[in-house]
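# Observations on the model geometry
What follows is each chain in one-letter form.
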Amino acid sequence: MTTLTPKDKDTVKTFWAKISPKAAAIGADALGRMLVVYPQTKTYFAHWKDLSPGSAPVKKHGATVMGGVADAVGKIDDLTAGLLNLSELHAFTLRVDPANFKILAHNILVVLATTFPNDFTPEVHVAMDKFLAAVALALSEKYR
Amino acid sequence: MVEWSEQERSIITSIFSNLDYNDVGPKALSRCLIVYPWTQRYFANFGNLYNAEAIKTNPNIQAHGTKVLHGLDRAVKNMDNIKGTYAELSVLHSEKLHVDPDNFKLLADCLTIVIAAKMGSGFTPEIQATFQKFLAVVVSALGKQYH
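Residues numbered from 1 in each chain as written. Chains lettered and ligands numbered in written order. Predicted model: local features only at pLDDT ≥ 70, side-chain atom pairs only at ≥ 80, totals over all residues. Heavy atoms only, no water.

### Describing the interface of chain B and chain A
Across the boundary between the two partners, chain B contributes 21 residues, which contact 19 residues of chain A. For the pair chain B and chain A, the summed buried area comes to about 1,700 Å², and 63% of that belongs to carbon and sulfur atoms. Of all residues in chain B, the largest losses of buried area upon contact with chain A belong to Arg31, Ile113 and Pro125 of chain B, amounting jointly to 30% of the total for that side. Counting across the interface, chain B meets chain A through one salt bridge. We note a salt bridge from glutamate 123 of chain A to lysine 56 of chain B, for which the minimum N-O separation is 3.0 Å. The tally of links between chain B and chain A comes to eight residue pairs in polar contact (both at pLDDT 80 or more). Of all elements in the fold, only α2 (21-35), α3 (52-57), α8 (102-119) and α9 (125-143) of chain B reach the threshold of two or more residues within the side of chain B that touches chain A. A total of six residues in the side of chain B that touches chain A trace back to one element, the largest contributor, which is α8 of chain B. Residues belonging to the side of chain B that touches chain A are distributed by class as follows: eleven nonpolar, five polar and five charged. (Contact = heavy atoms within 4.5 Å. Buried area = accessible area lost by both parts, 1.4 Å probe. Salt bridge = Lys/Arg side-chain N within 4 Å of Asp/Glu carboxyl O. Polar contact = N/O pair within 3.5 Å; in protein donor to acceptor, adjacent residues only side chain to side chain. Helix = DSSP H or I, 4+ residues; strand = E, 2+ residues; numbered from the N terminus. Nonpolar A, V, L, I, M, F, W, Y, C, P; charged D, E, K, R; others polar.)

Laid out in structure tokens, this is it:
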């Protein structure tokens, strides 16, 4: 939607430093929530034995996804270039409908709110929302 | 018609009976105005909305946030006919207030975040699903009378 201002990037990096020790758990919680609250997203994981929150595949994959977000924080100054390989992966191999990036982003924000209620202020919320939208855009680059 | 299980009804009534309207309402509305600044277009005569601090301390916004949240009471009390219950409010938002119905979802998302922060780990995936289902029905009802 928009480019990230220097203030946005600063807010994201500062907040990320605070939350990164819990990144894997945040990812697992967000993914687990998404599968429950938006059941249509389960269609991408038909090959998993157990899609319930807290299950092994959900925990593992949640950590993988948040690893990607961590990577994006480090490449915040040029997300399009930095996430090129991940974009190709999502476009050609995984073929995840980009609408789902927004859905997962929402659930990440919900988990940030439940885990860091005092730090996830409206100012941090808007910066993180913009950042996750920018990540989604970079991931969609190679789709067509 | 929307079907509600006994569990879903009890989750919704429980959330709202434990709510401090004077706290959650203002928090949700001010968060909406900060996270989605274009929503400020509906509050041009509310005074100083110049920055996040001003929005958070604006007494008009606080009063209005409380009012909006109390507006949800009607849905809680009439879960089997939210569409009918909100017909008049829908006309009001369309004909008098001229609110783009897409904005209802934005406020609903901010309310979800505020409730999530309040309930912490108690805001389980199941409770989130029920709460979001409830808000989706409210949002749809509020948009029904637009033409």
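### What about the packing of helix α2 (residues 23-37) of chain A against helix α3 (residues 56-74) of chain A?
All names here are of chain A. Running from N to C, α2 and α3 point in directions that differ by 115°, and their axes come no closer than 7 Å. The way α2 lies across α3 gives a crossing that is right-handed. Only Val58, Lys59, His61, Gly62, Ala63 and Met66 of α3 make contact with α2, whose side of the interface consists of Ala23, Ala24, Ile26, Gly27, Ala28, Leu31, Gly32 and Leu35. In terms of residue class, the contact of α2 with α3 is made up of nine nonpolar, four polar and one charged. (Axes fitted to C-alpha atoms, helices over the stretch in contact; angles between N-to-C directions. Left-handed = near helix turned anticlockwise from the far one by under 90°.)

### Focus on the confidence of the model for chain A
Here chain A shows a mean pLDDT of 96. Residues at 70 or above account for 99%. Taken element by element, the predicted model of chain A shows its lowest mean pLDDT in helix α5 (residues 84-94) of chain A (94) and its highest in helix α1 (residues 6-19) of chain A (98). (pLDDT = per-residue confidence, 0-100.)

### Here we look at α8 of chain B
All names here are of chain B. The terminal C-alpha atoms of α8 lie 26 Å apart, and with 18 residues this matches the ideal 26 Å at 1.5 Å per residue to within 8%. For α8, the complete set of buried residues consists of Asn103, Phe104, Leu106, Ala108, Asp109, Cys110, Leu111, Thr112, Ile113, Val114, Ile115 and Ala116. Downstream of α8 by a residue or two, glycine 120 has a phi angle that is positive, lying close to 55°. (Expected span 1.5 Å × (residues − 1). Buried < 20%, exposed > 50% of the residue type's maximum accessible area, 1.4 Å probe, protein only.)

### Section: the packing of aromatic side chains
All names here are of chain B. Taken as a whole and judged by the stated rule, the model has eleven aromatic pairs over all chains. Relative to tyrosine 146, the ring of phenylalanine 104 has its centre 6.3 Å away and its plane inclined at 75°; by these criteria the two rings are edge-to-face. Residue phenylalanine 104 is located in helix α8, and its partner tyrosine 146 is located in the segment after α9; the two are separated by 42 residues in the primary sequence. Given the relative accessible area of 10%, phenylalanine 104 is considered buried. The exposure class of tyrosine 146 is partly exposed, given its relative accessible area of 23%. Chaining the aromatic ring pairs together yields one cluster made of Trp4, Phe16, Phe123, Phe131 and Phe134. Seen from the ring of tryptophan 4, lysine 133 lies directly overhead, with NZ or CZ sitting 4.7 Å from the centre. (Phe/Tyr/Trp six-rings, centres within 6.5 Å; stacked < 30°, edge-to-face > 60°. Lys NZ or Arg CZ within 6 Å of the ring centre and 35° of its normal.)

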